[in-house]
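# Inside the fold
If you want the building blocks of each chain, they are given just below.
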Amino acid sequence: MSELIAPGTVWLVGSGPGDPDLLTRKAEKLICAASIVFYDALVGSGILDLIPAATNRVAVGKRSGRHSKDQRTINQMLVHAAKSGERVVRLKGGDPSIFGRATEEMEILTTHDIMFQICPGITAASAAAASASKSLTLRGLARKLIFVTAHAKSDEPLDLDWQNLAEPDATLAIYMGKSSAAIVSRNLIGAGMAKDTPVLLVENASLDNERIIHSRIDLLPLTAKTALGNGPAIMLIGSAMARDHNKSLHRQSKIAEAL
Ligand code: SAH
């Protein structure tokens, strides 16, 4: 198994939204082949349980607001491990290529002539939509899917193209938007989005403590403030997220109505 990763090389591996059953088979094989695993705060504990006991594991969770310094440290740790001949897995929540700062890590590895590859993962938007039995696109109604982060650098305003985001034929998947819910709501409505546009908020998608909340764009600030806990949450906005009464098997008890 360990030959999957050559000594001195790095795999950036997507761990999906948290449920170990949503890990790709390849990701699991890579986790088992690694001699060292660096993992983010959002990697689910069920996934960490898959790391063999003998494998070195290093938590490199980042906290909001301290990104750049911490990212530099992580980069150095990856380079050092690879240069020491380790078989390195860098585990990232969701898909490494979506708001995962994969580019910084690939750049530094390239600078040091270290070979790397990416193993994709299920991103939070896909997991959240699936949990609520929704399709992110909808023929004729939601022709575009826009992945956007509402995370602003501290002391800088959120600089997004609201006009473009407010278009009615799109589904917006807003990552890291919990603390910007009021700004998102105000700006999208200001750019012409209908006030009753459906919003689906999903916290801890795919995990046992998952919460699915239906709201609408004008009520989003209140919903985000009152209904969400401390877990990671994603907002899905657009007509494709309209509440309906289909007979899907999603866990009705977990679905709260904010209307
Ligand atoms: N690379 C990740 C995203 C990292 S950014 C991916 O592809 O999913 C971190 C943000 O992702 C969180 O702030 C939240 O908005 C979202 N997120 C990650 N895991 C989540 C989960 N299990 N449930 C809901 N949102 C999640």
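Below you will find a few notes about this structure. (Residues numbered from 1 in each chain as written. Predicted model: local features only at pLDDT ≥ 70, side-chain atom pairs only at ≥ 80, totals over all residues. Heavy atoms only, no water.)

### Quick word on the packing of aromatic side chains
The way to describe two aromatic rings as a pair is by their centre distance and the angle between their planes. On inspection of all chains with the given rule, the structure shows two aromatic pairs. Summarising the aromatic geometry, the rings of F147 and Y175 are spaced 5.9 Å apart at their centres and angled 40° between planes, so their arrangement reads as tilted. Highlighted residues: F147 in strand β6 (residues 144–149) and Y175 in strand β7 (residues 170–175), separated in sequence by 28 residues. (Phe/Tyr/Trp six-rings, centres within 6.5 Å; stacked < 30°, edge-to-face > 60°. Helix = DSSP H or I, 4+ residues; strand = E, 2+ residues; numbered from the N terminus.)

### Thoughts on helix α5 (residues 124–131)
Within α5, the full set of buried residues consists of A125, A127, A128, A129 and S131. Where α5 is buried, its residues contact β6, β7, β8 (198–203), β9 (211–216) and β10 (233–237). Looking one or two residues beyond α5, the residue adopting positive phi is S133, at roughly 55°. (Buried < 20%, exposed > 50% of the residue type's maximum accessible area, 1.4 Å probe, protein only. Contact = heavy atoms within 4.5 Å.)

### As for the sheet that holds strand β3 (residues 56–59)
Pairing is parallel across the open sheet formed by five strands, whose spatial order is β3-β2-β4-β1-β5. Both outer strands of the open sheet, β3 and β5 (116–119), are each paired with one neighbouring strand and no more. Averaged over all adjacent pairs, the angle separating strand axes in this sheet is 20°, with direction ignored. Bridging between strand β1 (residues 10–14) and β5 involves four bridges; their strand directions are parallel. Looking across to β5, one finds that L12 is bridged to I118. Its contacts with the sheet place helix α1 (residues 25–33) against β1, β4 (88–92) and β5, and it is angled at close to 135° to β1. (Pairing = 2+ DSSP bridges. Axes fitted to C-alpha atoms, helices over the stretch in contact; angles between N-to-C directions.)

### Here we look at the pairing of β1
Counting buried residues along β1, five of its five residues qualify, which places the element largely inside the surrounding structure. The side-chain alternation of β1 yields two buried faces, one formed by V10, L12 and G14 and the other by W11 and V13.

### Digging into the nonpolar core
Counting residues in hydrophobic clusters, the biggest one holds 26 residues, and the most contacted among them are L172, I174, V184, L188, L220 and I237. Listing elements by their share of this core, those giving two or more residues are β6, α6 (162–165), β7, α7 (181–190), β8, α8 (220–227) and β10. Not counting residues up to four positions away in its chain, the partners in contact with V184 are A150, W162, I174, L220 and I237. Counting residues in hydrophobic clusters, the runner-up holds 18 residues, among them I5, L23, L48 and I51. (Core = buried A, V, L, I, M, F, W, Y, C linked by side-chain atoms within 4.5 Å.)

### Observations concerning the environment of R143
With respect to the helices, strands and loops of the structure, R143 is situated in the loop between α5 and β6. When residues no more than four places from it in sequence are discounted, the contact partners of R143 are L138 and D169.

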